[in-house]
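# Working through the structure, step by step
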Amino acid sequence: MATRSWAEPYKIKAVELIKLTTPEQRKEAIREAGYNTFLLRSEDVYIDLLTDSGVGAMSDRQWAGMMTGDEAYAGSRNFYRMQETIETYYSYKYTVPTHQGRGAEHILSKMLISDGDYVPGNMYFTTTRLHQELAGGTFVDVIVDEAHDPVSDHPFKGNVDFAKLNALVEKVGADHIPYICVATCVNMAGGQPISLANLHELRSWCDQHKVLLVHDMTRVAENAYFIQQREEQYKEKSIREIVFEICSITDIATMSSKKDAMVNIGGFLAMNDPALYEQACALVVVYEGLHTYGGMAGRDMEALAIGITESVDDDHIRARVGQVEYLGEQLQRAGIPIVTPIGGHAVFLDARRLLPHIPQDRFPAQALAAALYLESGVRSMERGVVSAGRDKTTGENHMPELELVRLTIPRRVYTQAHMDVTAESVIQVAERAEEIQGLRFTYEPEVLRFFQARFEPV
Ligand code: PLI
């Protein structure tokens, strides 16, 4: 049978108008923003690929669900619906809502990390590592080496390297490792998946060493899609089944619902152990809100419950990742260096190879993101040395192997034509790459500096 290309499994009911700015307007806007795309006003942006977080388009069912919000302070109907949905689709019994993912990371880190502990993970994420450090822990990267190599074609660059994990246990002892945090579809590695084979092995390792297995499930459905495509024994399984299996072999989950689950705000901490749940409930009232809303409105919990059911639909996820691949393949055909394999939520440009004349301490990826905005009004994000921040003890810059610009595709928002324009813009910037100058800080915040830092051209 001939294979047919996919189309979006939805049609458009409402649109938001956007407009193209002039080169002069963009020049002024990016200068005012200190060459940091986070500091641009959204109305000055044409195609917004800053992030896939909280920017997805909700369905008519989600919007209808918003009207059924039960805004009681305690025991909202929508909380119970959300908790049941999480148990049905993700397996976790107890849910503590939070205002977004980092709220869950905060509570989890406070619950489980003591001063001097080590927390291994499959590559760092900015807010995750910061909360671990603020709780007195030290993050240790145990991802496979291939994850740090933008051109490796390893199908599961999110996998954990057990030699690294065992070396850590030998050095510090399992008693000082409260948990390992594994992300599905590792963001900083380029949206790269972990395999179920690796996860099952990790489950046994955690049981053997009495270490908890925490799942950053922010992009679990996208990870499940890659498992279905690349792991032979799962090719007949549905995304829903694979997502459930991933979740059910982990102990605790942190979730930023703003990504996979397609809501504009929200997150949760979920688990199976009633004693841990009690601890989490005691903390959520201090930092987020009562344990049945935790910083979310009733209507948002309803939209989240519906978003979860939509996120594991096979047609949805095929089109979602398909759109990312469509953009990535256009860039590959034009010879633009990108991280391969193409990730689940974004295409990552390799700024090291695009701008070899800019040393890493002059922030090539930051400069490239600013240049792309200037070219066309397409907003992207730096994921390199600026995002990596400084070592908490030496104060030196972390110098990651990956110096990337992320073109992040919001879910159900843009069309293939927007992807075409984006690809053309990147190609045009690449043609004049040698004109792009490096940057230096004019303001450097102490933590999570990438959000608010300001720069000037060198
Ligand atoms: O932005 P939050 O607080 O809802 O979630 C934090 C967070 C945790 N884990 C992972 C893997 C993330 O990607 C994440 C947030 N990511 C953002 C905002 C992004 O633009 O990728």
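Look up: the structure comes first, before these words.
Let us look at the structure shown here. Numbers given for residues are sequential positions, taken from 1 along each chain in its written order. Thresholds applied to this predicted model are a pLDDT of at least 70 for local features of residues and 80 or more for the giving and counting of side-chain atom pairs; totals over whole chains, interfaces and linings are not thresholded and use all residues. Neither water nor hydrogens contribute to the side-chain values; these are computed over all heavy atoms in the structure.

### Some words on the sheet that holds strand S11 (residues 381-383)
For two strands to pair, DSSP has to find at least two bridges joining them. Put simply, DSSP marks the helices as runs of H or I at least four residues long and the strands as runs of E at least two long, and each gets a number from the N terminus on. Pairing in this open sheet of three strands is antiparallel, and the strands run S9-S12-S11 from one edge to the other. Sheet topology places strand S9 (346-350) and S11 at the edges, where each strand pairs with a single neighbour. Mean inter-strand twist for the sheet, computed between neighbouring axes without regard to direction, equals 35 degrees. In this sheet, strand S12 (residues 404-408) lies alongside S11 in antiparallel orientation, the contact comprising three bridges. Bridge assignment links Met381 to a residue of S12, and that residue is Arg406. Angles run from 0 to 180 degrees between N-to-C directions of axes, and those axes are lines fitted to C-alpha atoms, restricted for helices to the stretch in contact.

### Things to note about helix H11 (residues 298-311)
A helix is expected to span 1.5 Å multiplied by its residue count minus one. The end-to-end C-alpha separation of H11 is 20 Å, in line with the 20 Å expected for 14 residues at 1.5 Å each. Counting buried positions along H11 gives 12 out of 14 residues, so the element sits mostly inside the fold. Listing the buried residues of H11 in full gives Gly298, Asp300, Met301, Glu302, Ala303, Leu304, Ala305, Ile306, Gly307, Ile308, Glu310 and Ser311. Throughout, a contact is declared for two residues whenever any of their heavy atoms are within 4.5 Å. Lining the buried residues of H11 we find helix H2 (60-66), helix H3 (77-90), strand S2 (94-98), helix H8 (220-230), strand S8 (267-271) and helix H12 (314-333). Between buried and exposed lies partly exposed: a residue is buried under 20% and exposed over 50% of the maximum accessible area for its type, with that area taken using a 1.4 Å probe on protein chains only.

### Observations concerning the packing of helix H4 (residues 101-112) against helix H5 (residues 126-134)
One way to put it is that H4 packs onto H5 with a least axis distance of 9 Å and a crossing angle of 25 degrees. Taken as axis vectors, H4 and H5 run roughly parallel relative to one another. Classified by chirality, the crossing of H5 by H4 is right-handed. Facing Arg102, Glu105, His106 and Ser109 of H4, the residues of H5 in contact are Thr127, Thr128, His131 and Gln132. Grouping the amino acids of the contact of H4 with H5 by side-chain chemistry returns no nonpolar, six polar and two charged. Any angle from 65 to 115 degrees is called roughly perpendicular, while one under 35 is roughly parallel, one over 145 is roughly antiparallel, and all others are oblique. Handedness of a crossing follows from how the near helix is turned relative to the far one, being left-handed for an anticlockwise turn of less than a right angle and right-handed for a clockwise one. Residues are sorted three ways: Asp, Glu, Lys and Arg are charged, Ala, Val, Leu, Ile, Met, Phe, Trp, Tyr, Cys and Pro are nonpolar, and all the rest, Gly among them, are polar.

### Let's talk about empty space enclosed by the protein
Buried and open spaces are told apart on a 1 Å grid over the protein atoms alone, a cavity being a set of points where a 1.4 Å probe fits but cannot get out and a pocket being an open set with protein on both sides within 12 Å along at least five of seven lines. Residues with an atom within 4 Å of a point are the lining residues. Grid points are joined across faces, edges and corners, and a volume is the space filled by probe spheres set on the points. A complete count under the given rule lists four cavities of 30 Å³ or more for this structure. Lining of the largest cavity is provided by Glu8, Pro9, Tyr10, His316, Ala319, Arg320, Gln323, Pro410, Arg411, Arg412, Val413 and Tyr414. Grouping the amino acids of the lining of the largest cavity by side-chain chemistry returns six nonpolar, two polar and four charged. The space that makes up the second largest cavity amounts to roughly 50 Å³. When residues of the lining of the second largest cavity are traced back to their parent elements, those giving at least two are H4, H5 and strand S5 (179-183). At three residues, H4 tops the list of elements feeding residues into the lining of the second largest cavity. By residue class, the composition of the lining of the second largest cavity is four nonpolar, four polar and one charged.

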